[in-house]
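Observations on the model geometry
What follows is the residue order along each chain.
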Amino acid sequence: MSIKSDLWLRKMAEEHEMISPFLPELLREVNGNRIISAGASSYGYDMRLADDGFRIFSSVHAREIDPKRFDDQFSLIEPQVHTADDGAKYYLLPPHHYGLGVTVETFKMPRNVTGIALGKSTYARAGLLVNTTPLEAGWTGRLVVEIANLANLPLRVYVNEGIGQILFFESDEDCAVSYSDRGGKYQGQTGLTFAKV
C-alpha cells in the first residue's frame, strides 16, 4: 500500500469522480485574496469547509452529549457567518469549543483506496485541532469535519477554504468487505450528519 501523488489524484477525479468538485492544483489565492490552501498538493488533497451546516456544541440547552442518542436540537447551535475585510466568510469558534462542519467536496472511495483526513499546519499553529478521520474503502459522501479550538481566544474558521488534508492510500488488492458492502451508517451523507449507533 502506498501514498498516492497529485498525478494519481487528477486521474481518479477525472476518470472515477473520486473527488468532486476537484481542484487540480493547490490554490492559495482567489480573486486576488490569499486563502488557506485548497486543492491537490504533491501527495494529498486539501479539502474545503463548506458554508452550509456548521454547528458548535453548546451547553445552553443540553446537560450532556450521548453518542448513542444524539440530540442535535439541544446540543448544537448554528453560529453567525461573518465577513472579513477582504470578503472572506468565516465562523468564530469560541475558545475551548468543538464544532462540526462538512466538506465542499464529495468523495467516492474505490474499494481498494482508503483516505486519512488530517489537520493543516496553518490552523494547527493558531490552535485549531482537526480530528483525524478515515475515508474508508467503498465510502461515498461529503466528509463531516470535527474541529476543536484549543486556544484561549475565539478562532476564525474560514468557509470555502482549506480545513484539512486527505492522504490517499491504494492497496494492490480489493478488500473483502467495503464500507458500502457492510451498509456503513454514514454512507451517502450529503450534508452535516450527526453521531449514529
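Note that the coordinates shown come from a computational prediction; the quantities given were computed from them, not determined experimentally. Sequence order as written defines residue numbering, which begins from 1 separately in each chain. With pLDDT at 70 or above as the cut-off, local features in this predicted model cover only qualifying residues; side-chain atom pairs require 80 or more to be listed or tallied, and sums for whole chains, interfaces and linings still use all residues. Each side-chain value is worked out from all heavy atoms of the structure, with water and hydrogens disregarded.

Comments concerning the overall build of the protein
Stated precisely, the cut-off is as follows: Secondary structure elements follow DSSP: runs of H or I no shorter than four residues count as helices, runs of E no shorter than two count as strands, and numbering proceeds from the N terminus. Our radius of gyration looks at C-alpha atoms and nothing else; its globule reference is 2.2 Å times the residue count to the power 0.38. Burial classes follow relative accessibility: with a 1.4 Å probe on protein chains only, a residue under 20% of its type's maximum area counts as buried, one over 50% as exposed, and anything between as partly exposed. Every residue pair with non-hydrogen atoms within 4.5 Å of one another is taken to be in contact. Here the Shrake-Rupley method, with its probe set to 1.4 Å, supplies the accessible areas, and only the displayed protein chains count as covering residues. Working convention for charge: Lys and Arg count positive, Asp and Glu count negative, and His plus the chain ends are omitted. Every charge is mapped to an atom, namely NZ of Lys, CZ of Arg, CG of Asp or CD of Glu.
From N to C terminus, the protein includes 3 helices and 16 strands. Its C-alpha atoms give the protein a radius of gyration of 17 Å, near enough to 16 Å, the size a compact globule of 197 residues would have. Viewed in the frame of its principal axes, the protein has a C-alpha envelope of about 50 × 45 × 25 Å. Burial analysis of the protein (197 residues in total) assigns 46% to the buried set. Excluding contacts between residues fewer than 6 apart, the proportion of contacts in the protein whose partners are at least 24 apart in sequence is 72%. Summed over all atoms, the accessible surface of the protein reaches about 10,600 Å², with 49% contributed by carbon and sulfur. Computed over 20 positive and 25 negative side-chain charges, the inter-centroid distance for the protein is 3 Å.

Focus on the nonpolar core
Our working rule: Nine residue types can take part in a nonpolar core, namely buried Ala, Val, Leu, Ile, Met, Phe, Trp, Tyr and Cys, and a core is a set of them joined through side-chain atoms within 4.5 Å.
Phe107, Leu128, Ile147, Val157, Ile163 and Phe168 are the most contacted members of the largest nonpolar core, which totals 41 residues. Considering every element that reaches this core, the biggest residue donor is helix α1 (residues 6-16), with 4 residues. Look past the residues within four positions of Ile147 in its chain and what remains in contact with it is Phe54, Leu93, His97, Tyr98, Gly99, Leu128, Leu129, Val130, Val157 and Ile163.

Points about the layout of surface pockets
Defined as follows: Only protein atoms enter the 1 Å grid, on which a cavity is a set of points fitting a 1.4 Å probe that cannot get out and a pocket is an open set with protein on both sides within 12 Å along at least 5 of 7 lines, lining residues being those with an atom within 4 Å of a point. Grid points are joined across faces, edges and corners, and a volume is the space filled by probe spheres set on the points. Charged means Asp, Glu, Lys or Arg here, nonpolar means Ala, Val, Leu, Ile, Met, Phe, Trp, Tyr, Cys or Pro, and polar covers whatever is left, Gly included.
Reported here for the largest pocket is a volume of approximately 400 Å³. Every residue lining the largest pocket is counted, 17 residues in all, and those nearest its centre are Thr133, Val144, Glu146, Tyr186 and Gln189. Contributing elements (two or more residues each) for the lining of the largest pocket: β13 (133-135) and β14 (140-149). Class assignment of the residues belonging to the lining of the largest pocket gives a composition of 12 nonpolar, 3 polar and 2 charged.

Side note on the packing of aromatic side chains
The cut-off we apply is this: Here a Phe, Tyr or Trp ring, Trp counted by its six-membered ring, pairs with any other such ring whose centre lies within 6.5 Å, and the pair is stacked when the planes are under 30 degrees apart, edge-to-face when over 60, and tilted otherwise.
Throughout the structure, instances matching the rule amount to 7 aromatic pairs. With a centroid separation of 4.6 Å and 20° between ring planes, the pair formed by Phe54 and Tyr91 is classed as stacked. On the criterion of sequence distance, the pair formed by Phe54 in the loop between β5 (44-48) and β6 (55-57) and Tyr91 in strand β9 (residues 89-93) is long-range, its members being 37 residues apart. This pair shows no difference in class: Phe54 is buried, exactly as Tyr91 is. A centroid spacing of 6.0 Å and a plane angle of 80° characterise the contact between Phe57 and Phe70, whose relative ring orientation is edge-to-face. Placement of Phe57 in strand β6 and of Phe70 in the loop between β6 and α2 (72-75) is noted, with a sequence separation of 13 residues between them. Classification of Phe57 by relative accessible area gives buried; the value is 15%.

Focus: the pairing of β14
Applicable threshold: When DSSP finds two or more bridges between two strands, those strands count as paired.
Burial analysis of β14 places 9 of its 10 residues in the buried class, which makes it a mostly covered element. The pairing of strand β10 (residues 98-108) with β14 spans 8 bridges and is antiparallel. The residue of β14 that forms the bridge with Lys108 is Thr140. Where strand β12 (residues 128-130) and β14 come together, 3 bridges link them in antiparallel fashion. Within β14, the residue paired with Leu129 across the bridge is Ala148.

Points about the side chain of Arg142
Spelled out, the test is: Polar contact is the term for a pair of N or O atoms within 3.5 Å; when the atoms are in protein, one must be able to donate a hydrogen and the other to accept it, and sequence-neighboring residues count only if both atoms are side-chain atoms.
Take Arg142: it is sitting in strand β14. When its relative accessible area of 11% is taken as the criterion, Arg142 is described as buried. Here the side chain of Arg142 touches Thr103 through a polar contact of 2.8 Å, landing on its backbone oxygen. With sequence-adjacent residues up to four places away left out, Arg142 is seen in contact with Ala50, Asp52, Val102, Thr103, Val104, Glu105, Thr106, Gln189, Thr190 and Gly191.

Take it as geometry only, folks, not as evidence of what the structure does.
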